[in-house]
Amino acid sequence: MMGRTTLWVEPKSAAAEMLSMQSKESRLTRRAVLAGSGALAVGGGLAAVLGAGGRTPVGASTTAGRRVLKTGTTSAPLIDEASQIPVWGYNGSVPGPALRLGQGEAFEVLLENALEEKTTIHWHGVRVPNAMDGVPHLTQPPVEPGERFRYAFTPEDAGTFWYHPHQRSFEQVGRGLYGPLIIEEADPPQVDRDLVWMLDDWRLNDQRQISGGFGRRHDAMMAGRIGNTITINGKPSAPLIARPNERIRLRLVNAANARIFGLDFGELDPMVVALDGQPVEPHRLSAPLLLGPAMRADLIVDFDYPAGTRHSLRDVFYDGLEYELTTFECQGKEVRERRLPDPAPLPPNPLAEPELATAERHRIIFGGGMMGMMGRTASGSDARNGQRTGSGMMMGRMGGSGMMSGGMMGWTVNGVSASGHVHDPIISAARGTTLLLDMTNETAWWHPIHLHGHSFRVLSRNGQPTRYQEWQDTVLMAPEERVEIAFVADNPGDWMFHCHILEHQAAGMMATIRVN
């Protein structure tokens, strides 16, 4: 999955679509909509809150010793410090408080709902007990306005995770309800700083307000709600300043509803040490780092450059809409005389290894959406050959399952377009069973597929074994791509299995896997 991609068939149409977002209300001023990417923002000022060397306090407020996350309306400087834009947040901030605790440390938090609608909290990527998973009606009743809900669990895994609602998430996440959850290793790697960057995009109108129209059919049936303003940690652009020979652990979280990031670090050459919170064989990037919605990556970045050196971080996923996300700049006195040795692998988490020889195999077909089943791309390249092709409207075949009124396509899993969070499971497995899911994306669009309650090994793409056999909880699938994953179903309960483009999930691309 290398190279770049196109969002729409025609590049000129792509630029027009991204800039206008199908209507005048989502356009911003020329200054804000820079190179079709929106106000490019980096939250350098939030680094002290979201990352530091060593253990940092849990940022949630406390009531009689209990951590509290309170939803409500607030404001954030999405464009510049002078423009406070109404958003939703936890404890009055976007992102919400950075929660840091140790692996195996008991965790408890009280959710207080000050919104005018129901909500929940889902602990994305954490293998929690089913009752703590935060899925409305499936694992808990949604929390009514003015009500509270207590979440308590002990995380088994160290890693980079995050929290967000699962109730009307296409709007609640889209308005800013999310935050980082960092579970720290007992023996973390040697770094000078540990930073979290939550990447997001926002759809703003001419009045510099969040545009309405959440859940629009047009968004839901195509690429999802892609915004025109990019932020990191909810703030406008600022370079990351590092000292020569400083080492930084950079935890990246894609909190966007639908935007896929393709991060090109240029000559900076970071080392990938974890994906979706799970350790991976340390390796350098040979192509832009792809992060679909909900996906995470832990990088070790060594600034073995002299003072005055500047490096650009570019997002190059969408052809013709590339832009500079931020810069890294070396300043000041050296931290040490020479660069540290390459990092050792992170300690593994206690995940059960799939028994492939006895695995229970299931075929999963993702279908529907605008343009229906995928044929060949407009350029003639073929995702079945392992090439990264398009991410938007393709020259494909109309048809497939999930046809809805007006000729639009609903999203489907094995021919069923789900509604609500409660439905019959597509798989029921005895606890301890190894499940091998052979998944095919028969749509014209990219899909980050997320499984609750478990992590899985990504075994192959288009019949070719993956190089690192990485553990993930969200796997990004290109149009017409076939991916095999495997995991031990060892966490009892009914677990959501869905596309994490939040509009796709709401429009039917979700299912349930039951572990008895």
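Computed from a predicted model, the values in this text were never measured in an experiment.

## Thoughts on the sheet that holds strand E8 (residues 159-164)
Pairing between the strands of a sheet comes from backbone hydrogen bonds, and it takes one of two forms, parallel or antiparallel.
Line of reasoning, step 1. Here we have 4 strands laid out as an open sheet, ordered E4-E9-E8-E6, and mixed in their pairing. Across the chains shown, the open sheet's two edge strands, defined by having one partner strand only, are strand E4 (99-102) and strand E6 (122-124). Sheet twist, expressed as the mean angle between neighbouring strand axes with direction ignored, is 25°.
Line of reasoning, step 2. Taken together, the 3 bridges between E6 and E8 define a ladder with antiparallel strand orientation. Following the sheet pairing, His-124 is matched in E8 by Trp-162.

## With respect to the pattern of salt bridges
Line of reasoning, step 1. Per the counting criterion, the structure on display carries 36 salt bridges.
Line of reasoning, step 2. A salt bridge links Arg-100 to Glu-184; its shortest N-O distance comes to 2.8 Å. Of the two residues, Arg-100 is situated in strand E4 and Glu-184 in strand E9 (residues 179-184); the sequence distance between them amounts to 84 residues.
Line of reasoning, step 3. On the basis of relative accessibility, which here comes to 2%, the residue Arg-100 falls in the buried class.
Line of reasoning, step 4. Between Arg-461 and Glu-481 there is a salt bridge; the shortest N-O distance is 3.2 Å. Residue Arg-461 is found in strand E26 (residues 456-461), and its partner Glu-481 is found in the loop between strand E29 (474-477) and strand E30 (482-489); the two are separated by 20 residues along the sequence.
Line of reasoning, step 5. Assessed through its relative accessible area of 18%, Arg-461 is described here as buried.
Line of reasoning, step 6. Judged by its relative accessible area of 3%, Glu-481 is buried.
Line of reasoning, step 7. Three or more residues are tied together by salt bridges with common partners; here these are Arg-100, Glu-184, Glu-185, Asp-194, Arg-249, Arg-251 and Asp-298.

## Notes on the nonpolar core
Line of reasoning, step 1. The biggest cluster of nonpolar side chains holds 77 residues, and the ones touching the most others in it are Leu-263, Leu-437 and Met-439.
Line of reasoning, step 2. Not counting residues up to four positions away in its chain, the partners in contact with Met-439 are Arg-363, Ile-364, Phe-366, Ile-449, Val-475, Met-477, Glu-481, Arg-482, Val-483, Ile-485 and Phe-497.
Line of reasoning, step 3. Formed by 23 residues, the second largest nonpolar core is a distinct cluster that contains Trp-88, Phe-107, Trp-123 and Phe-161.

## Comments concerning the packing of aromatic side chains
Line of reasoning, step 1. Overall, the coordinates contain 14 aromatic pairs when judged by the stated rule.
Line of reasoning, step 2. Measuring from ring centre to ring centre gives 5.3 Å for Tyr-90 and Tyr-163, while their planes differ by 65°; the resulting arrangement is edge-to-face. Taken together, the residues Tyr-90 in strand E3 (residues 85-90) and Tyr-163 in strand E8 connect sequence positions 73 residues apart. In this pair, the class of Tyr-90 matches that of Tyr-163, namely buried.
Line of reasoning, step 3. The interplanar angle of 80° and the centroid separation of 5.4 Å between the aromatic rings of Phe-107 and Trp-123 together place this pair among those described as edge-to-face. Taken together, the positions of Phe-107 in strand E5 (residues 107-113) and Trp-123 in strand E6 put the pair 16 residues apart, joining distant regions of the chain. The residues Phe-107 and Trp-123 share a single accessibility class, namely buried.
Line of reasoning, step 4. One aromatic cluster in this structure is built from Tyr-90, Phe-107, Trp-123, Phe-149, Tyr-151, Phe-153 and Tyr-163.
Line of reasoning, step 5. Between the NZ or CZ atom of Arg-175 and the centre of the ring of Trp-88, over which it lies, the distance is 5.3 Å.

## Things to note about the confidence of the model for the protein chain
Line of reasoning, step 1. The pLDDT averaged across the protein chain works out to 84; a share of 80% of its residues lies at or above 70.
Line of reasoning, step 2. Ignoring residues within four places in sequence, the model shows residues 1-58, a span with pLDDT below 50, making 180 contacts including any to other chains.
Line of reasoning, step 3. Across residues 373-408 the pLDDT falls below 50, and counting only partners more than four positions away or on other chains, this stretch makes 105 contacts in the model.

Criteria and thresholds
- Residues numbered from 1 in each chain as written.
- Predicted model: local features only at pLDDT ≥ 70, side-chain atom pairs only at ≥ 80, totals over all residues.
- Heavy atoms only, no water.
- Pairing = 2+ DSSP bridges.
- Helix = DSSP H or I, 4+ residues; strand = E, 2+ residues; numbered from the N terminus.
- Axes fitted to C-alpha atoms, helices over the stretch in contact; angles between N-to-C directions.
- Salt bridge = Lys/Arg side-chain N within 4 Å of Asp/Glu carboxyl O.
- Buried < 20%, exposed > 50% of the residue type's maximum accessible area, 1.4 Å probe, protein only.
- Core = buried A, V, L, I, M, F, W, Y, C linked by side-chain atoms within 4.5 Å.
- Contact = heavy atoms within 4.5 Å.
- Phe/Tyr/Trp six-rings, centres within 6.5 Å; stacked < 30°, edge-to-face > 60°.
- Lys NZ or Arg CZ within 6 Å of the ring centre and 35° of its normal.
- pLDDT = per-residue confidence, 0-100.

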